[in-house]
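Residue-level structural notes
As a plain string of letters, each chain reads:
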Amino acid sequence: GGIAKGWMADRLRDSLGPNALANLRGDLSAIGLGPAGDGWPVGLGTKTVLLRDQGAATSSVRRRRWGEYHHLIDPRTGLPACTGLDEVSVVATNGVEAEVLAKAALLLGPVLAPVYCAAHALAWWLSP
């Protein structure tokens, strides 16, 4: 579902015109210079970033929980992921890419996620 939300945010952004922000609850896609001309302000954890022709996504295990279990399945184990990170937000070139990077970083955990994000994301925020 998350990758589809990133894709849909990109499609919605394209249909809104040359200066727009599509926000599908954690999956965002921006085009243009934003309301003040310096980008679209978006909160990532404790930071605010300005998106211009970019996407952002957050992947988290804090919501959609059933007791000790949650919705994000680790493909290595087939079980709910337990990586030491609770939430990852990233900025990338579009919403789909941001969604993929956020999920992968969350699954990699606190040791590998910063290295992965530094190599692939434009900006990121990790929360243990």
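Look above for the structure.
Let me sum up the structure you'll find in this document. Computed from a predicted model, the values in this text were never measured in an experiment. (Residues numbered from 1 in each chain as written. Predicted model: local features only at pLDDT ≥ 70, side-chain atom pairs only at ≥ 80, totals over all residues. Heavy atoms only, no water.)

Before going further, it helps to spend a moment on the overall build of the protein chain. Counting its regular elements, the protein chain contains two helices and 11 strands. Ordered by position in the sequence, the α and β elements of the protein chain form the string α-β-β-β-β-β-β-β-β-β-β-α-β. Relative to its length of 128 residues, the protein chain is compact, with a C-alpha radius of gyration of 14 Å against a globular reference of 14 Å. Seen along its three principal axes, the alpha-carbon backbone of the protein chain occupies a region of about 45 × 25 × 20 Å. In the protein chain, which comprises 128 residues, the share counted as buried stands at 41%. A total of about 6,900 Å² of accessible surface is found on the protein chain, and carbon and sulfur atoms cover 60% of it. The distance from the centre of the 12 positive side-chain charges to the centre of the 11 negative ones in the protein chain is 4 Å. (Helix = DSSP H or I, 4+ residues; strand = E, 2+ residues; numbered from the N terminus. Rg over C-alpha atoms; globule rule 2.2 N^0.38 Å. Buried < 20%, exposed > 50% of the residue type's maximum accessible area, 1.4 Å probe, protein only. Areas by Shrake-Rupley, 256 points an atom, 1.4 Å probe, with all protein chains shown as cover. Lys, Arg positive; Asp, Glu negative; His and termini not counted. Charge placed at Lys NZ, Arg CZ, Asp CG, Glu CD.)

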